[in-house]
Amino acid sequence: MLLALADTPAAGLTPPQSWAELVEAYSVETPCLALLAQLRWPNGFVCPLCGRASATNLREGVARCLNCRRRVTVTTGTVMHGTKAPLSAWLAAAWLATEPGRGVSAREVQQRASIYSYQTAWMLLHRLRLALSATVQATKLSGEVSVDEVLLGRRSAGVPGRGVLGQRLVAVAVEMSHGEPGRVRFGLLPDAAPSSLRGFFRRCIEAGSVVVSDTWAAYPPACAGLTGHRVVDDAAAGGRVCPPGVAPIVRQLNEWLVRTHQASVGVKHLQRYLDEFAFRFDHRDDPPGQAFMAALAALMAAPPASYQELMGDVVAPPQKPDR
Ligand SMILES: [Zn+2]
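Residues numbered from 1 in each chain as written. Predicted model: local features only at pLDDT ≥ 70, side-chain atom pairs only at ≥ 80, totals over all residues.

(A) Quick look at the sheet that holds strand β8 (residues 228-231). Spatially, the 5 strands line up as an open sheet ordered β6-β5-β4-β7-β8, and their pairing is mixed. Two strands in the sheet have a free side with no partner beyond their single neighbour: β6 (180-189) and β8. Going across the sheet, the axis of each strand differs from the next one's by a mean of 25°, ignoring polarity. Looking at chain direction, strand β5 (residues 169-177) and β6 are connected through 8 bridges and run antiparallel. Its bridge partner being in β6, Ala173 is matched across the sheet by Arg185. Sheet contacts for helix α6 (residues 194-204): β5, β6 and β7 (210-213); angle to β6, the most-contacted strand, approximately 130°. Those strands touched by helix α8 (residues 246-259) are β4 (144-151), β5 and β6, and its axis lies near 130° from that of β5. (Pairing = 2+ DSSP bridges. Helix = DSSP H or I, 4+ residues; strand = E, 2+ residues; numbered from the N terminus. Axes fitted to C-alpha atoms, helices over the stretch in contact; angles between N-to-C directions. Contact = placed C-beta atoms within 7 Å.)

Now the structure itself:
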């Protein structure tokens, strides 16, 4: 009943400890296949199309379910479904995108993973971002959470105003523990109205947490009945001060958008980039290779995405009006 889609099993789930180890172990398809199959089916194969556990191998990496008779690969029914890139390129991109303090462009993925087409590398990276974004958005911050809203990429960053620069209001929430930042979440805001902030809080912060903010008047109504609220005493500091933990993270975020992406991230893709940054930040203190494995798990868990979703062209279905 157990089906290994690869002929050679992966050597346990010990992650590579460095880029060199990754290249040595996972530059051909068989070990990549085995690793992904173990991540996807740790207790043995289950058909993603019908849920039954019996299948037969047709060839390496391709099985036929003995119940529904359909062909299944390790990427069937995931965000990797239908990919044109080799699995080794996916693993390379997952490694590069999750290295602490780094982040990677499609051009670099294309070069380092030896992908022929820039377009394929671009699509791969966007699918990876979708998966990381889903993981980030599945968990909320809790406890004491510093919140601020910032304009991303102000012209003071020294880069001409194109792409996102100077255009987008973004809410930043940082979980604080003993004065140190923990996890971070970002949310694009249409404006700084209480209702916009409140929507961000609902999505990203557990009810009953304590929001720490500046004196902006939108915060008390945004928090009311949802979270606690404490105001940073900026009068004592002689003006507006940033809640603890926020400023260094925003600086890192801006540097990454400018350095790696030349500040040219389109608005319709920005939330994914913010979530990619949050994923990397949340895993910054993990042992080597753990963030990489978490990214692969995210790829195995995320559902397929249409071309329109990848391009950010999907219009959200109309919401039912509140009664
Ligand atoms: Zn089946």
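Still to come is the rest of the account.
(B) The packing of helix α3 (residues 87-98) against helix α5 (residues 118-137), seen in detail. Put simply, α3 and α5 touch, their axes get as near as 10 Å, and they point 60° apart. By the criterion of interaxial angle, the relationship of α3 to α5 is oblique. When the axes of α3 and α5 are compared, the crossing they make is right-handed. Two secondary-structure elements touch here, α3 through Ala89, Trp90, Ala93, Ala94 and Ala97 and α5 through Leu124, Leu125 and Leu128. Tallied by class, the residues present in the contact of α3 with α5 amount to 8 nonpolar, no polar and no charged. (Parallel < 35°, antiparallel > 145°, perpendicular 65-115°, else oblique. Left-handed = near helix turned anticlockwise from the far one by under 90°. Nonpolar A, V, L, I, M, F, W, Y, C, P; charged D, E, K, R; others polar.)

(C) Geometry of unusual backbone geometry. Of note, the phi angle at Arg69 is positive, near 70°, even though the residue is not glycine. Overall, the presence of 10 C-beta atoms within 10 Å leaves Arg69 in the exposed class. (Buried ≥ 20, exposed ≤ 12 C-beta atoms within 10 Å, placed from the backbone.)

(D) Here's a closer look at the pairing of β5. Alignment of β4 against β5, held across 8 bridges, turns out to be antiparallel. Paired with Leu151 across the strands is Leu169, a residue of β5. Turn length for the β5-β6 hairpin, with the two strands adjacent in sequence and antiparallel, is 2 residues, and the turn residue His178 shows positive phi of about 50°.

(E) Representation of the nonpolar core. Counting residues in hydrophobic clusters, the biggest one holds 78 residues, and the most contacted among them are Ala93, Ala94 and Leu299. With 10 residues, α3 is the largest single contributor of residues to this core. Three or more residues apiece are contributed to this core by two domains, here domain 1 (19-137 + 285-311) and domain 2 (144-272). If we ignore the near neighbours within four places in the chain, the residues touching Ala94 are Leu128, Phe292, Ala295, Leu296 and Leu299. Within the second largest apolar cluster, 6 residues are counted, among which are Phe45, Cys47, Ala63 and Val72. (Core = buried A, V, L, I, M, F, W, Y, C linked by C-beta atoms within 7 Å. Domains from an automatic or database assignment.)

(F) Representation of α5 within the structure. Its 20 residues give α5 an end-to-end C-alpha distance of 28 Å, which sits within 8% of 28 Å, the value for a rise of 1.5 Å per residue. Here α5 lies mainly inside the structure; 14 of its 20 residues are buried. (Expected span 1.5 Å × (residues − 1).)

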